[in-house]
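Each chain is listed here by its residues.
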Amino acid sequence: MKKYDVCALGELLIDFTENGISPSGNPIMEANPGGAPCNVLAMLTKLGYKTVFIGKIGNDIFGKQLKNTVSQAGIATDGLIFDNEVNTTLAFVHTLEDGDRAFSFYRNPGADMMLNENEIDEKVIRNSKIFHFGSLSMTNEVCERATKKAVEIARDEGILISFDPNLRENLWDSLDKAKEKIRYGMAHCDILKISDNEVLWFTEEKDFDSAIKKIKKEFNIPLILLSLGKNGSRAFSETGSAFCESVKVNTIETTGAGDTFCGCILSRVIQYGMKDFSNDELKEMLSFANAAAGIVTSRKGALKIMPEYNEIIEVMKQNYS
């Protein structure tokens, strides 16, 4: 028996999100705990799964806030380390009119980049059913070596590997380097969650069908999830495929929606086991994940506002019954 259902490695940071205007006319920024890999764990934990996080934060006020938040969310912090020299990474999030976001990062360096391979707790990874990571932990050599060591441990142990590119263009020295590291992630994963803009950029194709076909041919990934934002989502197993429309909600901002979607998909993989999912099974997975992601877009923040199971089921009934 594994102690954890999912172990995730990567960035844990503060998302400063806009939350009104001050009497002086200045934007008020709320310090929301975030970071894509840990957001995924927060959704899984809300659904009753056991999770653990591997990463690095600064030994500062924000790092302490993050550790407390992660612990309160029920995510194990066995692999979370404080850095006494480099501060916690900060991201300032500007919400656009359609609910999408523009990011400004204070990460040159940030503590999440300083996780080194000697700080990886192998026992945490080996004691998990799924290992999840993204591309941002490969933006510099120190955390890249740590990431690849963790992936190698998971692969050697026969653990399922989940990958989300989560492309943030302004955090890379070049997009060629980003594509190289994302290619590594795709080559080593069993489950790929990728967004509409990422899949077209990566494959240099003009339509989603051609892009997915190209990825399947090169990497032979057993389960691919394509998030399309307000246009829904698609899923592809070895022989099956499905599409599901998005849910109707009052979108405020989209921070954390993709991570919520990913967490829900992983919950279904844990529940059903990894297999060649049928069209109907893929459709059900997508409807559950879309409903949860839709709920998150109607709230501010990410890690602390994941929906309850019953909320998700209610939104599914309202939109898909």
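Source: prediction; values computed, not measured.

Caption draft 1: How the structure looks around the pairing of strand β8 (residues 128-134). The buried count for β8 comes to six of seven residues, which makes it a mostly enclosed element. Judged from the four bridges that link them, strand β1 (residues 4-9) and β8 form a sheet pairing that is parallel. Bridge pairing in β8 places Val 6 opposite Ile 130. Of the strand pairs in this sheet, β8 and strand β9 (residues 160-164) are connected by five bridges, and their pairing is parallel. By the bridge assignment for β9, His 132 is matched with Ser 162.

Caption draft 2: The packing of helix α1 (residues 36-46) against helix α8 (residues 257-272), seen in detail. It is the contact of α1 with α8, at a shortest axis distance of 8 Å, that shows an interaxial angle of 50°. One element, α1, and the other, α8, form an angle in the oblique class. Two packed elements cross with a definite hand, and for α1 against α8 that hand is right-handed. Here α1 contributes Ala 36, Asn 39, Val 40, Met 43 and Leu 44 to the contact with α8, which in turn contributes Asp 259, Thr 260, Cys 262, Gly 263, Cys 264, Leu 266, Ser 267 and Ile 270. Grouping the constituent residues of the contact of α1 with α8 by class yields eight nonpolar, four polar and one charged.

Caption draft 3: Expanded view of helix α9 (residues 279-297). For α9, which comprises 19 residues, the first-to-last C-alpha distance of 27 Å matches the rise-based estimate of 27 Å (1.5 Å per residue) to within 8%. Counting buried positions along α9 yields 14 of 19 residues, so the element is predominantly enclosed.

Caption draft 4: The arrangement of the pattern of salt bridges in detail. Overall, the coordinates contain 23 salt bridges when judged by the stated rule. Note that Glu 144 and Lys 148 form a salt bridge whose closest N and O atoms lie 2.9 Å from each other. Of the two residues, Glu 144 and Lys 148 both sit in helix α4 (residues 141-156), four residues apart, roughly one turn of that helix. By relative accessible area, Glu 144 is classed as buried at 10%. On the accessibility criterion, Lys 148 (24% relative accessible area) is partly exposed. One salt bridge in this structure joins Lys 214 and Glu 205, with 3.8 Å as the shortest N-O distance.

Caption draft 5: Representation of the packing of helix α5 (residues 175-187) against helix α7 (residues 208-219) within the structure. At a minimum axis separation of 10 Å, α5 and α7 run at an interaxial angle of 65°. In terms of orientation, α5 lies roughly perpendicular with respect to α7. By crossing handedness, the relation of α5 to α7 is classed as right-handed. In this structure, α5 contributes Arg 183, Met 186 and Ala 187 to the contact, and α7 contributes Ile 215, Glu 218 and Phe 219.

Caption draft 6: The arrangement of the environment of Gly 301 in detail. Looking at the element boundaries, Gly 301 is found in the loop between α9 and α10 (309-320). A relative accessible area of 5% places Gly 301 in the buried class. C-alpha of Gly 301 to C-alpha of Glu 253: the two residues are 48 residues apart in sequence and 8.5 Å apart in space. Setting aside chain neighbours within four positions, we find Gly 301 in contact with Asn 32, Glu 253 and Thr 255.

Caption draft 7: Just the side chain of Asn 140, in detail. Within the element layout of this structure, Asn 140 appears in the loop between β8 and α4. Looking at Asn 140, its side chain comes within polar contact range of the main-chain nitrogen of Cys 143, at 3.3 Å. Not counting chain neighbours up to four residues away, the residues in contact with Asn 140 comprise Met 113 and Met 114.

Caption draft 8: Structural view of α5. For α5, which comprises 13 residues, the first-to-last C-alpha distance of 18 Å matches the rise-based estimate of 18 Å (1.5 Å per residue) to within 8%. Every buried residue of α5 is listed here: Ala 178, Lys 179, Lys 181, Ile 182, Tyr 184, Gly 185 and Met 186. Elements in contact with the buried residues of α5: β8, α4, β9, β10 (191-195), α6 (196-203) and α7.

Caption draft 9: Examining the sheet that holds β1 more closely. Strand order in the open sheet made by the nine strands is β5-β4-β1-β8-β9-β10-β11-β12-β13, with mixed pairing throughout. If you trace the sheet from one side to the other, it starts and ends with β5 (76-83) and β13 (241-244), each paired once. Going across the sheet, the axis of each strand differs from the next one's by a mean of 15°, ignoring polarity. Alignment of β10 against strand β11 (residues 223-227), held across five bridges, turns out to be parallel.

Scoring rules and cut-offs
- Residues numbered from 1 in each chain as written.
- Predicted model: local features only at pLDDT ≥ 70, side-chain atom pairs only at ≥ 80, totals over all residues.
- Heavy atoms only, no water.
- Buried < 20%, exposed > 50% of the residue type's maximum accessible area, 1.4 Å probe, protein only.
- Helix = DSSP H or I, 4+ residues; strand = E, 2+ residues; numbered from the N terminus.
- Pairing = 2+ DSSP bridges.
- Axes fitted to C-alpha atoms, helices over the stretch in contact; angles between N-to-C directions.
- Parallel < 35°, antiparallel > 145°, perpendicular 65-115°, else oblique.
- Left-handed = near helix turned anticlockwise from the far one by under 90°.
- Contact = heavy atoms within 4.5 Å.
- Nonpolar A, V, L, I, M, F, W, Y, C, P; charged D, E, K, R; others polar.
- Expected span 1.5 Å × (residues − 1).
- Salt bridge = Lys/Arg side-chain N within 4 Å of Asp/Glu carboxyl O.
- Polar contact = N/O pair within 3.5 Å; in protein donor to acceptor, adjacent residues only side chain to side chain.

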